[in-house]
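Report on the structure
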Amino acid sequence: MKNRFSALLLTLMLLLSCGLFWGCGAGEKTEKTAVSSQRAETEEAEAEYVPDYDLEYYERFKGQDIEINVYNWGEYIADGEDGLMDINAVFEELTGIRVNYTTYETNEAMYAKLKSKANNYDVIVPSDYMISRLIEEDMIQPLDFSNIPNYRFIDEPFKSTDYDPDNIYSVPYAWGRVGIVYNREAVNYEVNGWEDLWNEALSGQILMFKNSRDSFAIALMSLGYSLNSENQEELEQARDLLKKQKPLVQAYVQDQIFDKMQGNEAVIAPCYVGDYVIMKEVNEDLEIFIPNPTNLYIDAMCIPADAQQKEAAELYINFLNEPDVAADNMEYIVYSTPNAAALELLDPAYSEDEILYPDASELENCEAFVHLSQQTNLTMDEMWTDILSSDSAYRAWAMPVFLICAVAVIICMSIYRKRKKQRESMDDWN
């Protein structure tokens, strides 16, 4: 779900021709571009960028050799590129608390890791429906909001949600909607609904979400049902529809959507709108259509029940809600911020983008995920496994290969037994 890739060569050449130079990332990341032209990396600009943090609050653990383990979505935090803040590094310098930062691709992968207790985490960033599940299973703990004073910056529409109605377990991190990104040069018609993800003319060029909840939501909405349906018959219809789509799908993806859509390897896919804004910077042929209805999601910060450093984790959550920190973070990940003070600091290129911050009327028909019953989750997981295994292409070649291998084994066993019998006969003769 959630990644941040860089601009390709065309964008880089444009920037260089304008005399702008930007920092380069390491590892697998390539050079990125920022929408804002007001963050010049000069000593004067850096001198102006001195936030007024409460040092008594943040320095309480300095010199105590404390570490926190943070588990977040991939590419879902500002890391110093694009002239923006390296959030974890600044937090470490400010507090003396070391941040061990690891990532996951889906809510389900995060849940499985927590459930296995193979690792210990202090901060996680699940989505709305997963938070409900974690609360129900006592896998996250109540927060001490007296230790998170910046919670006051969270806008009211993002409080008292269905997944955390009493505002006990979570602090909103980012929000957005799901749409359909497509290449207008390759898709030579106007995309206008979820059914376009089943267009046989686009066979082999369609991407689909890798996780069961998002994929079932799209199928359910395309059938006219609630994305939170627990009706067995409706779920079976959605399963059958996803099975029908399977031969058309090039790949089931999360973060891989960036490479495939930016590089013209695929032509249409469901996506989170913030990811579309990022991809559009790289590939100008990409457009987005937001169906009605669609999913409105919220990701929020929580503390696992077995966290070892709860108070330090709360400092971290609070730091991410410092207005300047939250603003830099949202400009990097290009999702919508629930932090009202941060919204005022955003570059207008983001804050005035109607894709990221739509009019309230456009949100009226959006539906948020809610936690489903344990039985429905189990049913959906079983159906998803069935969908992914229903690969006709796999069956077409797998059965002949299996038969050939079986025949080969039989022949080999026959030869072995024959030779063994010959050896036994020779031994008797001797």
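1. Observations concerning the pattern of salt bridges
- Tallied over the full model, the rule gives 14 salt bridges.
- Ionic pairing is found between Glu 362 and Arg 177, a salt bridge with its closest N-O pair at 3.4 Å. Taken as a pair, Glu 362 in helix 15 (residues 360–363) and Arg 177 in strand 4 (residues 171–183) lie far apart in primary sequence, 185 residues in all.
- The salt bridge partner of Arg 184 is Glu 287, with a shortest N-O separation of 2.5 Å. Pair noted here: Arg 184 is in the loop between strand 4 and strand 5 (206–209) and Glu 287 is in strand 8 (residues 286–289), with a separation of 103 residues, a long-range link.
- Residue Arg 184 is classed as partly exposed on the basis of its relative accessible area of 36%.
- With relative accessibility at 23%, the residue Glu 287 sits in the partly exposed group.

2. Notes on the packing of helix 5 (residues 107–116) against helix 6 (residues 128–136)
- Direction vectors running N to C along helix 5 and helix 6 enclose 20°, while the axes themselves pass 10 Å from each other. By the angle class used here, helix 5 and helix 6 are roughly parallel. When you trace helix 5 past helix 6, the crossing you get is right-handed. Taking contact as the criterion, the partners of Asn 107, Glu 108, Met 110, Tyr 111 and Leu 114 in helix 5 are, on helix 6, Tyr 129, Met 130, Arg 133 and Leu 134.
- For the contact of helix 5 with helix 6, a count of residues per class yields 6 nonpolar, 1 polar and 2 charged.

3. Observations regarding the packing of aromatic side chains
- Going through the model one piece at a time under the given rule, you end up with 20 aromatic pairs.
- When the centroid spacing of 4.6 Å and the interplanar angle of 80° are considered together, the rings of Tyr 57 and Tyr 58 count as edge-to-face.
- For the pair Tyr 71 and Tyr 104, a centre-to-centre distance of 4.7 Å together with 65° between the ring planes defines the contact as edge-to-face. Residue Tyr 71 is found in strand 1 (residues 67–73), and its partner Tyr 104 is found in strand 2 (residues 98–104); the two are separated by 33 residues along the sequence. Neither Tyr 71 nor Tyr 104 differs from the other in exposure class; each is buried.
- Each member of the aromatic cluster is reached from another via a ring pair, and the members are Tyr 53, Tyr 57, Tyr 58, Phe 91, Tyr 316 and Phe 319.
- Its end group placed over the ring of Tyr 129, Arg 213 keeps NZ or CZ at 4.7 Å from the ring centre.

Reading guide: rules and limits
- Residues numbered from 1 in each chain as written.
- Predicted model: local features only at pLDDT ≥ 70, side-chain atom pairs only at ≥ 80, totals over all residues.
- Heavy atoms only, no water.
- Salt bridge = Lys/Arg side-chain N within 4 Å of Asp/Glu carboxyl O.
- Helix = DSSP H or I, 4+ residues; strand = E, 2+ residues; numbered from the N terminus.
- Buried < 20%, exposed > 50% of the residue type's maximum accessible area, 1.4 Å probe, protein only.
- Axes fitted to C-alpha atoms, helices over the stretch in contact; angles between N-to-C directions.
- Parallel < 35°, antiparallel > 145°, perpendicular 65-115°, else oblique.
- Left-handed = near helix turned anticlockwise from the far one by under 90°.
- Contact = heavy atoms within 4.5 Å.
- Nonpolar A, V, L, I, M, F, W, Y, C, P; charged D, E, K, R; others polar.
- Phe/Tyr/Trp six-rings, centres within 6.5 Å; stacked < 30°, edge-to-face > 60°.
- Lys NZ or Arg CZ within 6 Å of the ring centre and 35° of its normal.

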